Amino acid sequence: MIGACSPKLSAEIVAKSSTTARYLLPTILSGALILAVTCWLAFQIPKGSIVQADELRTAERSREMLLKGPWTVYSNFAPSFAKPPLQYWLTAMTLSRFANPAVAVRVWPLLYTIFAAAAVGWLAFVVDPTRPWLILLAVAIFISSPLVLMEGCRGLLDVGLTFFTTLAIALAQLARVRPGWWFGVAMACWLGTIQKIPLIFLIWLIIVLMRLRHPGDRILLRSRWLKASVILALVMTAIWPSIQFVNYHMPLARAFVGDDFNELLLMARLAGLPYIDIAWMIAGWLMLAGGVFVWRGRLHGPVMELALVLLATTGFFLILNFRSIRYFLPILPALSILLALLFHRALTQEGKGRALALILLLFFVSSGFVYGRMRINHRMQNEFDEQQLAQKLGSLQNEATTTLLIKSDNLLFDRFYLFYGRLRFPLQKQTLEQLRQTPIPPPVIGICSTEDFFELQKIYPQARIEQTSDK
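Residues numbered from 1 in each chain as written. Predicted model: local features only at pLDDT ≥ 70, side-chain atom pairs only at ≥ 80, totals over all residues. Heavy atoms only, no water.

A. Representation of the overall build of the chain in the model. Along the chain, the regular secondary structure elements total 21 helices and five strands. By the burial criterion, 49% of the 471 residues in the chain qualify as buried. Restricting to contacts in the chain with at least 6 residues of sequence separation, those with at least 24 account for 76%. For the chain, the exposed surface amounts to about 23,300 Å²; the carbon and sulfur share of it is 67%. (Helix = DSSP H or I, 4+ residues; strand = E, 2+ residues; numbered from the N terminus. Buried < 20%, exposed > 50% of the residue type's maximum accessible area, 1.4 Å probe, protein only. Contact = heavy atoms within 4.5 Å. Areas by Shrake-Rupley, 256 points an atom, 1.4 Å probe, with all protein chains shown as cover.)

B. Looking closely at the environment of L157. The topology assignment puts L157 in the loop between helix 6 (146-151) and helix 7 (158-174). With 49 residues separating them in the primary sequence, L157 and W108 have C-alpha atoms 9.2 Å apart. Filtering out sequence-adjacent residues up to four positions away, L157 remains in contact with T58, K83, Q87, Y88, Q195 and K196.

C. Looking closely at the pairing of strand 3 (residues 402-406). Counting buried residues in strand 3 gives five out of five residues, a clear majority hidden from the surface. Where burial is concerned, the two faces of strand 3 agree: the one with T402, L404 and I406 and the one with T403 and L405 are both buried. In this structure, strand 3 lies alongside strand 5 (residues 444-447), joined through four bridges in parallel fashion. When the sheet's bridge partners are listed, T403 is paired in strand 5 with I445. (Pairing = 2+ DSSP bridges.)

D. Layout of the sheet that holds strand 3. Pairing is parallel in the open sheet, where three strands are placed in the order 4-3-5. Either end of the sheet is taken by a strand with one partner, and the two such strands are strand 4 (428-430) and strand 5. Neighbouring strand axes in the sheet, compared pairwise and without regard to direction, differ in orientation by 35 degrees on average. The sheet strands contacting helix 18 (residues 386-396) are strand 3 and strand 5, and the helix crosses strand 5 at an angle near 170 degrees. (Axes fitted to C-alpha atoms, helices over the stretch in contact; angles between N-to-C directions.)

E. Seen up close, a nonpolar patch on the surface. Nonpolar side chains collect at one region of the surface, where L25, L29 and W133 lie side by side and expose about 270 Å² of accessible area between them. Counting through the fold element by element, L25 comes out in helix 1 (residues 7-44). Residue L25 is classed as partly exposed on the basis of its relative accessible area, which comes to 45%. (Patch = residues over 30% accessible without salt bridge, like charges linked within 9 Å, V, L, I, M, F, W, Y side chains within 5 Å. Salt bridge = Lys/Arg side-chain N within 4 Å of Asp/Glu carboxyl O.)

F. Structural context of the packing of aromatic side chains. Applying the stated criterion to the full structure yields 14 aromatic pairs. A centroid spacing of 6.0 Å and a plane angle of 15 degrees characterise the contact between W182 and W204, whose relative ring orientation is stacked. Taken as a pair, W182 in helix 8 (residues 182-195) and W204 in helix 9 (residues 199-211) lie far apart in primary sequence, 22 residues in all. Look at F183 and W225: their rings are 5.3 Å apart centre to centre, the planes differ by 90 degrees, and that puts the pair in the edge-to-face class. Residue F183 is found in helix 8, and its partner W225 is found in helix 11 (residues 224-248); the two are separated by 42 residues along the sequence. Among the residues examined, F183 registers a relative accessible area of 28% and is labelled partly exposed. Among the aromatic residues, those joined into a cluster by ring pairs are Y112, F115, F163 and F164. Its guanidinium or amino end placed over the ring of Y74, K68 lies 5.2 Å from that ring's centre, counting from NZ or CZ. Directly above the ring of Y327 sits R326, whose terminal nitrogen or CZ lies 5.9 Å from the centroid. (Phe/Tyr/Trp six-rings, centres within 6.5 Å; stacked < 30°, edge-to-face > 60°. Lys NZ or Arg CZ within 6 Å of the ring centre and 35° of its normal.)

G. Spatial organisation of helix 21 (residues 450-459). When helix 21 is considered as a whole, its buried residues turn out to be D452, F453 and L456. For helix 21, the arc enclosing every buried residue in end-on projection is 110 degrees, short of the 170-degree limit, so these residues lie on one face. Relative to its buried face, helix 21 has exposed residues pointing more than 90 degrees away, namely E451, F454 and K458. Packing partners of the buried residues in helix 21 comprise strand 3 and helix 20 (432-437). (Arc of directions from axis to C-beta.)

H. Inspection of helix 5 (residues 133-143) at higher detail. When you tally the buried positions in helix 5, you get ten out of eleven residues, the bulk of the element. Buried within helix 5 we find L134, I135, L136, L137, A138, V139, A140, I141, F142 and I143.

I. Local environment of the packing of helix 8 against helix 11. Running from N to C, helix 8 and helix 11 cross one another at 20 degrees; their axes reach a closest spacing of 8 Å. Of the possible angle classes, the one that applies to helix 8 and helix 11 is roughly parallel. The handedness of the crossing between helix 8 and helix 11 comes out as right-handed. Contacts between helix 8 and helix 11 involve W182, F183, A186, M187, W190 and T193 from the first element and W225, L226, A228, S229, L232, A233, M236 and T237 from the second. Of the residues that constitute the contact of helix 8 with helix 11, the class distribution is eleven nonpolar, three polar and no charged. (Parallel < 35°, antiparallel > 145°, perpendicular 65-115°, else oblique. Left-handed = near helix turned anticlockwise from the far one by under 90°. Nonpolar A, V, L, I, M, F, W, Y, C, P; charged D, E, K, R; others polar.)

J. Expanded view of the side chain of R154. Mapped onto the elements, R154 comes out in the loop between helix 6 and helix 7. At 2.6 Å, the side chain of R154 and the side chain of E151 are in polar contact. Those residues within four positions of R154 in sequence are excluded, and the remaining contacts are Q52, E55, R106, P109, R326 and R379. (Polar contact = N/O pair within 3.5 Å; in protein donor to acceptor, adjacent residues only side chain to side chain.)

K. Geometry of the confidence of the model for the chain. When pLDDT is averaged along the chain, the result is 85, and 84% of the positions lie at 70 or above. Contacts of residues 11-15 to residues separated by more than four positions or lying in other chains number zero contacts, the stretch itself having pLDDT below 50. (pLDDT = per-residue confidence, 0-100.)

L. Just the side chain of E386, in detail. If you trace the backbone, E386 turns up in helix 18. On the basis of relative accessible area, E386 is assigned to the buried category, the value being 1%. Within the structure, the side chain of E386 is placed 2.4 Å from the side chain of Y417, a separation counted as a polar contact.

M. Fine view of the pattern of salt bridges. One pass over the full model with this rule turns up 15 salt bridges. Taking the shortest distance from any N to any O, the salt bridge between R436 and E433 comes out at 3.4 Å. Note that R436 and E433 are positioned in helix 20 at a spacing of three residues, about one turn of the helix. For R436, a relative accessible area of 41% corresponds to the partly exposed category. Classification of E433 by relative accessible area gives partly exposed; the value is 43%.

Given below as structure tokens:
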């Protein structure tokens, strides 16, 4: 028996179908864009040797986890407390399965880039569900950023932290209606902390402080869900440092800091170029994003919250003088959505402003792809015959032999030889002057520059050359 729908129910069905249709095309186009960029980056990650210092750290720490176990991070076969383990665990799995070590190290940042771009689209929808095309604009601006493109095919930790940060902000927006989503924020906070640093705790605090200013949001913050989620996040975050403290005697001061403060913040050169360069680049982005504030009308809660999270976090990074523009990557999704809002409002206006905004948007996105491609191509075109030296070193190494790297500007990092030589025992860095003062007793093998070998023969008269490169 066929029954007829009531007029009210029919209207609801039509409204839902209309809403789905409105979001279908922007979602499909966003997915297609993410897929296209992913395919292009997938062809880039096998190219070139791993020679950048931080990327080598990821590669070698992951390899040593395979050799010594997953319960701490190792650097040159000694416990290292500089970074937490999540990406090293993941990379260790692919290193044991992939033939190409560059692909094994870089595949996780590539996957994180896909997830982060999708999370940006979702966050754009959560922030303003009335603008379907905001999803595509936010995804396009985010994934065309040269910083995203470069880090998406390099084995570093920042893209993973970006994904978890974006996820946490989106879940915090859902918690406006259903406080149970705070548990999701807690999980994202924990994962972000064991990925790199506890940045999400700072963003979580900013969001809560902002909502305390509004009576409606203040009532929801009294929920037990928020308190329980904060406790859960703190307890789960404390697990890894506790294991390191109990089993490996990690200093408590290193629990949530990682690198040494002076190395991380470059306190010795506050007026140096990195600080000025970062300030100049971020200032330009913030001025453009600031247009959201002055564009007609007042901003509603989620957008204002996103803007203040961006400003507060950026100010925090600038004041502390973080050493690299990479540290701003986790808040790039927030900036992308604010810029997308600015472009969306311009594109929906009548008159010449719409054409100008469209031209500016196309230039903005296309130039990002072009510049990102240039940087990636430049960085990936590197193959070093020192890989053969590293492999020879690994074949000669044994437990009874001391392995040396005679420090020189001509040679790559010690982690390069550890990783590509698949060394099984520590590699000691020494200078010629140190060896002259305190010679290490034979048997000794090692790597040195050609110009240093003849000086080395004065210390070890029986030294002989097993293999050479142009250096």
